[in-house]
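# Architecture and fold: a report
Given next are the chains, with one letter for each unit.
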Amino acid sequence: MKKPTGVYHGVVGPPALLLQSSSMNPQVGVIMGSKSDWDVMAHAVQTLESFKVAVEVRVLSAHRTPDALLEWAASAESRGLEVIIAAAGGAAHLAGVTAAKTILPVLGVPMESAALKGMDSLLSTVQMPAGIPVATFAIGRAGAVNAALYAVAILAGKDKALRDALKRYREDQSRKVLEVGDPRS
Ligand code: RP5
């Protein structure tokens, strides 16, 4: 998976670990607990960029860089972000902690883990007690892509060009399936 192109514009003190962002005015923030999550989360960033949605991408950890995460989440709305995608594996509290510090919609993507194949990540992300919601997606690549598509759908509520692009995406997807026809040929 190729890295998204673009220039990073720092917003939070010393960065935990910088990947890249794609624009001066990102609408979606994509954060992940470790650089080891990047190969999967690159699918989310690539999907967002295919819709020309500007993305801020950071590695931030709820347990390894708690102060930087809290500052990033608390300032997300004032920086212009409208949706946050948070991916983590294991005892995955990244999405929940992020959601605790912002009223922006937080979309959680559980990463596949070595020990429990992501069931730990899934349950840690999805089982938020009432009051602080995290919209949780599938484990791994499917979740990364769908979280990005869901973020696009949220933004599309006030952006007709994005609504049209989403419709085209669905149409292309349907056409590709139908083009297969008989899979034996
Ligand atoms: C989580 O721990 C990360 O989100 C990652 O999925 C998992 C393992 O991290 P590393 O040990 O590979 O850095 O915090």
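Residues numbered from 1 in each chain as written. Predicted model: local features only at pLDDT ≥ 70, side-chain atom pairs only at ≥ 80, totals over all residues. Heavy atoms only, no water.

### Side note on the overall build of the protein chain
Regarding its fold elements, the protein chain presents 6 helices and 6 strands. Along the protein chain, from the amino end to the carboxyl end, the secondary structure elements read β-β-α-β-α-β-α-β-α-β-α-α. When each of the 185 residues of the protein chain is scored for burial, the buried share is 43%. Put simply, 66% of the contacts in the protein chain that link residues at least 6 apart link residues at least 24 apart. Summed over all atoms, the accessible surface of the protein chain reaches about 9600 Å², with 57% contributed by carbon and sulfur. (Helix = DSSP H or I, 4+ residues; strand = E, 2+ residues; numbered from the N terminus. Buried < 20%, exposed > 50% of the residue type's maximum accessible area, 1.4 Å probe, protein only. Contact = heavy atoms within 4.5 Å. Areas by Shrake-Rupley, 256 points an atom, 1.4 Å probe, with all protein chains shown as cover.)

### Section: the site of the ligand
Gly33, Ser34, Ser36, Asp37, His63, Arg64, Ala88, Gly89 and Met111 make up every residue found near the ligand. In the model, an oxygen atom of the ligand is placed 2.6 Å from a nitrogen or oxygen of the Ser34 side chain. At 2.8 Å from an oxygen atom of the ligand is found a side-chain nitrogen or oxygen belonging to Arg64. When the free accessible area of the ligand is taken as 360 Å², the share hidden by the protein chains comes to 68%. Using a 2 Å cut-off from the grid points, one finds that the ligand occupies the largest pocket. (Near = heavy atom within 4 Å. Polar contact = N/O pair within 3.5 Å; in protein donor to acceptor, adjacent residues only side chain to side chain. 1 Å grid on protein atoms, 1.4 Å probe; cavity = no way out; pocket = protein on both sides within 12 Å on 5 of 7 lines; lining within 4 Å. Sits in = over half its atoms within 2 Å of the grid points.)

### Overview of the layout of surface pockets
Within this model, the largest pocket holds a volume of roughly 190 Å³. In this structure, the largest pocket is lined by 17 residues; those nearest its centre are Gly33, Ser34, His63, Ala88 and Gly89. Of the residues assigned to the lining of the largest pocket, the class counts are 6 nonpolar, 8 polar and 3 charged. (Points joined across faces, edges and corners; volume = space filled by probe spheres on them. Nonpolar A, V, L, I, M, F, W, Y, C, P; charged D, E, K, R; others polar.)

### What to know about the pattern of salt bridges
When the charged atoms of two side chains lie near each other, side chains of opposite charge can form a pair. Applying the stated criterion to the full structure yields 6 salt bridges. For Arg175, the salt bridge goes to Asp172, with nearest N and O atoms at 3.4 Å. In this pair, Arg175 and Asp172 are both assigned in helix α6 (residues 160-180), 3 residues apart and thus about one turn of the helix distant. Residue Asp172 is classed as partly exposed on the basis of its relative accessible area of 35%. A relative accessible area of 40% places Arg175 in the partly exposed class. (Salt bridge = Lys/Arg side-chain N within 4 Å of Asp/Glu carboxyl O.)

### Some remarks on a nonpolar patch on the surface
Residues Leu116, Met119, Leu123 and Val126 make up a contiguous nonpolar surface patch of roughly 350 Å² in combined accessible area. Within the element layout of this structure, Leu123 appears in helix α4 (residues 119-126). Among the residues examined, Leu123 registers a relative accessible area of 46% and is labelled partly exposed. (Patch = residues over 30% accessible without salt bridge, like charges linked within 9 Å, V, L, I, M, F, W, Y side chains within 5 Å.)

### Some remarks on the environment of His63
Positionally, His63 belongs in the loop between β3 (55-59) and α2 (66-75). As for His63 and His93, which are separated by 30 residues in sequence, their C-alpha atoms are 8.3 Å apart.

### Description of the confidence of the model for the protein chain
For the protein chain, per-residue confidence averages 91 on the pLDDT scale, and residues scoring 70 or more make up 87% of the total. Contacts of residues 1-18 to residues separated by more than four positions or lying in other chains number 43 contacts, the stretch itself having pLDDT below 50. (pLDDT = per-residue confidence, 0-100.)

### Brief notes about unusual backbone geometry
The phi dihedral of Lys52 is positive, around 60°, even though this residue is not glycine. Along the chain, the position of Lys52 falls in the loop between α1 (38-50) and β3. In this structure Lys52 comes out as exposed when scored by relative accessible area, which is 76%.

### Some details on the nonpolar core
Val28, Val30, Met41, Leu48 and Ile85 are the most contacted members of the largest nonpolar core, which totals 33 residues. Of all the elements in the fold, those that place two or more residues in this core are β2 (28-32), α1, β3, β4 (83-88), β5 (106-110), α5 (141-156) and α6. The biggest single contributor to this core is α5, with 9 residues. Residue contacts for Met41: discarding those within four places in its chain leaves Val30, Met32, Ile85, Ala87, Val109, Met111 and Ala144. (Core = buried A, V, L, I, M, F, W, Y, C linked by side-chain atoms within 4.5 Å.)

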